[in-house]
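Structural features, examined
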Amino acid sequence: MGDPPRLVATDIDGTLLRDDRTLSPRTAAALARITAAGTPVVLVTGRPIRWLPLVYEQLAAPLPAVCANGAVVYDPVTDEVLRADPLAPDLLAEVARRLRAEVPGVSFAVEIVDSRQMRHEAHYPLRWDADLEAIRAIESPDELHSAPAVKLLARAGEQDPDAFVQVVAAALEGLAEATHSSYSGLVEISAAGVTKAAGLAWYAARLGVGERDVLAFGDMPNDLPMLTWAGRAVAVANAHPAVLEIADEVTGPNDADGVAAYLEQVFGVA
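Residues numbered from 1 in each chain as written. Predicted model: local features only at pLDDT ≥ 70, side-chain atom pairs only at ≥ 80, totals over all residues. Heavy atoms only, no water.

A few points about the overall build of the protein chain
Helix and strand content of the protein chain: eight helices and 14 strands. For 270 residues, the compact-globule estimate of 2.2 N^0.38 gives 18 Å, and the protein chain sits close to it at 18 Å. Out of the 270 residues belonging to the protein chain, those deemed buried represent 53%. Long-range contacts, defined as pairs at least 24 residues apart, comprise 58% of the intrachain contacts of the protein chain with a sequence gap of at least 6. Counting every atom, the protein chain has about 11400 Å² of accessible surface; 52% of that belongs to carbon and sulfur. Considering the protein chain, the positive charge centre built from 21 side chains and the negative charge centre built from 38 side chains are found 2 Å apart. (Helix = DSSP H or I, 4+ residues; strand = E, 2+ residues; numbered from the N terminus. Rg over C-alpha atoms; globule rule 2.2 N^0.38 Å. Buried < 20%, exposed > 50% of the residue type's maximum accessible area, 1.4 Å probe, protein only. Contact = heavy atoms within 4.5 Å. Areas by Shrake-Rupley, 256 points an atom, 1.4 Å probe, with all protein chains shown as cover. Lys, Arg positive; Asp, Glu negative; His and termini not counted. Charge placed at Lys NZ, Arg CZ, Asp CG, Glu CD.)

Here is the structure:
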């Protein structure tokens, strides 16, 4: 397998976590052993900061995270945002205008305050998020773009996610990035150039690590930029076909501790 990686980067949902959103003791132990031996691990996720405690409480110690598909780099020890690349209000307004014209029935939500808070249109369906302090419906359309947002979320009912993201990306070409990480028809929009690869590259450079020395794990289209950038790209067996196609290697599925199994082999930490 060549030289051991100098940085491990892993997606969370569908990759590190099992389908019930729990972290197995085996996976937690593997991450703890690797970091204790001196190899840093960073979580690279579409999740907002406010969803990270559900993962941290299952780890021996919290890990740094690249959140919101690369728009936010977060240090959980100091609760500090090290870097943020939001969509500016005028850009948000233009993105929303284009998508309203292109997609009938589209509804939006925005991740603001570095993804510590969400604002959503009244008809935007909330699937998992029920934090009444951090989340509320907007009172007027202009409020959607009244502040910078690290992510714009778009839904238009149940959609084929691969087809829907193509429609959105075509409407926003050159203006913003569009990707998806679920099978429910949710499209995630970031500022142009903001991807998991960009956020991870910034964090790796901060550590003095080049892309060839990064081992990355993922499962969904929003992981593609990161996996393409990293020196070694590993897909879990349950990954989206587009991820399986570009991965250097495939490990076991998330529900069978695929990431832990691969790390145990590479680092000899079983």
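With respect to the side chain of Arg50
Inspection of the secondary structure puts Arg50 in the loop between strand 2 (41-44) and helix 2 (53-56). Polar contacts involving the side chain of Arg50 include one to the side chain of Glu111, which spans 2.5 Å. From its side chain, Arg50 meets the backbone oxygen of Ser115 in a polar contact 3.2 Å long. (Polar contact = N/O pair within 3.5 Å; in protein donor to acceptor, adjacent residues only side chain to side chain.)

A look at the packing of aromatic side chains
For the coordinates displayed, the defined rule picks out one aromatic pair. Measuring from ring centre to ring centre gives 5.6 Å for Phe217 and Tyr262, while their planes differ by 80 degrees; the resulting arrangement is edge-to-face. Here Tyr262 lies in helix 8 (residues 258-267) and Phe217 lies in strand 12 (residues 214-218), a separation of 45 residues in the sequence. For the pair Phe217 and Tyr262, a shared accessibility class is recorded, and that class is buried. (Phe/Tyr/Trp six-rings, centres within 6.5 Å; stacked < 30°, edge-to-face > 60°.)

Some points on the nonpolar core
Formed by 81 residues in total, the largest nonpolar core has its most connected members in Val95, Ile189 and Leu263. Residues contacting Val95, with those up to four places away along its chain left out, are Leu152, Leu172, Leu175, Ala176 and Ile189. Judged by nonpolar contacts, the second largest core, of seven residues, contains Ala109, Met118, Tyr124 and Leu153. (Core = buried A, V, L, I, M, F, W, Y, C linked by side-chain atoms within 4.5 Å.)

Regarding the pairing of strand 4 (residues 72-75)
It is a general feature of regular strands that their side chains alternate between the two faces of the sheet. One ladder, built from three bridges, connects strand 3 (residues 65-67) with strand 4; its direction is antiparallel. Bridging across to strand 4, Ala65 finds its partner in Tyr74. Linkage of strand 3 to strand 4, two consecutive antiparallel strands, is achieved through a turn of four residues, within which Ala68 is found at a positive phi near 50 degrees. What sits between the antiparallel neighbours strand 4 and strand 5 (residues 80-84) is a turn of four residues, in which Asp79 has the positive phi angle 55 degrees. (Pairing = 2+ DSSP bridges.)

A closer look at the environment of Val8
With respect to the helices, strands and loops of the structure, Val8 is situated in strand 1 (residues 7-10). Separated by 70 residues in the primary sequence, Val8 and Thr78 place their C-alpha atoms 21 Å from one another. Not counting chain neighbours up to four residues away, the residues in contact with Val8 comprise Thr39, Pro40, Val41, Val42, Leu215, Phe217, Leu263 and Phe267.

Focus on the sheet that holds strand 5
Spatially, the eight strands line up as an open sheet ordered 5-4-3-2-1-12-13-14, and their pairing is mixed. Edge positions in the sheet fall to strand 5 and strand 14 (249-251), since each has one partner strand and no second. In this sheet, adjacent strand axes meet at a mean angle of 25 degrees when their direction is disregarded. Alignment of strand 1 against strand 2, held across three bridges, turns out to be parallel. Paired with Thr10 across the strands is Leu43, a residue of strand 2. (Axes fitted to C-alpha atoms, helices over the stretch in contact; angles between N-to-C directions.)

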